[in-house]
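Given next are the chains, with one letter for each unit.
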Amino acid sequence: MVSFTLTAALALLAAAQGAVAAPTATATATAALNAPTKAPVIGAMDITIHASCNATQTRQLQAALSDTRELTQHALTHLLTHSTASPLFLKYFSSPHLNATTLPVVGLLSRLLHAPKPGVLLRCDDADGKCAANPSWAGHHRGAAAANETVICAPSFFTRRALRDMCARGYEITNEADKANGGRNLFWAGDLMHRLFHVPAVTEGAVEHWSEGGYEGVMEWLKGVGVEEQGMVGGNSDAVQYFALEAYALEVAAPGVGCLGTPREAAPVTASASASVSASASATVAPVASKVQAAGKECHTHAGGDIHCD
């Protein structure tokens, strides 16, 4: 009798379990939609890493922001220590006919390091579709769509280097022709410094690409700057990048030696490549960019809508 009762109980239990409906595809999808979103992460310099970045991307960007802080802090300390006696400062920001002062560059670097940056963020979700439309792009400023936001495209996570590798593996700061081994944007620190220069909340719109043509372009542009244009010198994006990278290379990475290298500019792109970028800009940027520069691996959108490619 006991055996019969136990058997019957087990049968009833099995029947009850079978009566519970298996989760449907709709129920599973609903649960996924209602799952908590990964919280954004606040990285170095008060920069937010958007929740669209996965765990590995977030770790890379955290390290990248820390590198950017280190590079920026070293450049600032160099200026505060040496002021206008610094040969590097004179090289990038002065000429015999200019009354050089470190204040504009000191102010710029200080804002990058210390200014509160609510809403300034890096995201990984290709919010405007430009990463997909331009597979070689490493990232872009969202411009008029969201002036405080920068999209980091997939190539960045495969090609960018950590600051600890500065001057290693044949790297040359001024070799813009070999993007895999040189140039001011190969390292996360230099690249993010550049990208943050284009965020109005960080630099108050005071930084522009006043010079073109890489390292030699900076040198040539500086020769032609008149006294009335002197205020532009400290806000020349390429000059600030080169200055920060060379100071770090000379004083930290390879003391007394550095790795400036032989200046080489990237080869001009074909007309079809330029047309491709122009078409993409016209389709995605409002207002339409008034100045579309040569297409290249390092492209971004300015707050005013202009597309710039290094």
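Since the structure is predicted, the reported quantities are computational estimates derived from the model, not experimental observations.

Student: So, the overall build of the protein chain: which residues are in play, and what are the values?
Tutor: In terms of helices and strands, the protein chain carries twelve helices and seven strands. The proportion of buried residues among the 310 residues of the protein chain is 46%. For the protein chain, the share of sequence-separated contacts (at least 6 apart) that also reach a separation of at least 24 residues comes to 66%. Roughly 14,200 Å² of accessible area belongs to the protein chain as shown, and the carbon and sulfur atoms make up 62% of that amount.

Student: If you had to explain the packing of aromatic side chains to someone new, which residues and values would you point to?
Tutor: Going through the model one piece at a time under the given rule, you end up with eight aromatic pairs. Between the aromatic rings of Y92 and Y215, the centroid separation amounts to 6.3 Å while the plane-to-plane angle is 80°, which identifies the pairing as edge-to-face. Residue Y92 is located in helix α4 (residues 87-93), and its partner Y215 is located in helix α10 (residues 214-223); the two are separated by 123 residues in the primary sequence. Between the aromatic rings of Y171 and F187, the centroid separation amounts to 4.7 Å while the plane-to-plane angle is 80°, which identifies the pairing as edge-to-face. Of this pair, Y171 sits in the loop between α7 (154-159) and α8 (188-197) while F187 is found in the loop between α7 and α8, placing the two residues 16 residues apart along the sequence. With relative accessibility at 2%, the residue Y171 sits in the buried group. With relative accessibility at 1%, the residue F187 sits in the buried group.

Student: Account for the state of the cysteines, naming residues and giving values.
Tutor: Applying the stated rule across the entire model yields three disulfides. What pairs with C131 in a disulfide is C153, and their sulfur atoms sit 2.0 Å apart. An S-S torsion of about -70° defines the bridge between C131 and C153 as left-handed. Residue C131 is located in helix α6 (residues 130-133), and its partner C153 is located in the loop between β5 (149-152) and α7; the two are separated by 22 residues in the primary sequence. For C167, the disulfide goes to C259, at an S-S distance of 2.1 Å. Because the torsion about its S-S bond is -75°, the bridge between C167 and C259 counts as left-handed. One end of the pair, C167, is in the loop between α7 and α8; the other, C259, is in the loop between α11 (237-253) and α12 (271-284), and 92 residues separate them in sequence.

Student: So what's going on with the pattern of salt bridges? Which residues, and what values?
Tutor: Counting across every chain of the model gives 14 salt bridges. Salt-bridge contacts for E204 lead to R111; the nearest nitrogen and oxygen are separated by 3.5 Å. Pair noted here: E204 is in the loop between α9 (200-203) and α10 and R111 is in helix α5 (residues 103-114), with a separation of 93 residues, a long-range link. With relative accessibility at 26%, the residue R111 sits in the partly exposed group. Of the charged contacts, one joins K223 and E220 as a salt bridge, the two residues approaching to 3.2 Å between their closest N and O atoms. With K223 and E220 both in helix α10 and three residues apart, the pair spans about one turn of that helix. Residue K223 is classed as exposed on the basis of its relative accessible area, which comes to 56%. Where salt bridges share partners, they join R123, D125, D128, R142 and E149 into one cluster.

Parameters at a glance
- Residues numbered from 1 in each chain as written.
- Predicted model: local features only at pLDDT ≥ 70, side-chain atom pairs only at ≥ 80, totals over all residues.
- Heavy atoms only, no water.
- Helix = DSSP H or I, 4+ residues; strand = E, 2+ residues; numbered from the N terminus.
- Buried < 20%, exposed > 50% of the residue type's maximum accessible area, 1.4 Å probe, protein only.
- Contact = heavy atoms within 4.5 Å.
- Areas by Shrake-Rupley, 256 points an atom, 1.4 Å probe, with all protein chains shown as cover.
- Phe/Tyr/Trp six-rings, centres within 6.5 Å; stacked < 30°, edge-to-face > 60°.
- Disulfide = S-S within 2.5 Å.
- Salt bridge = Lys/Arg side-chain N within 4 Å of Asp/Glu carboxyl O.

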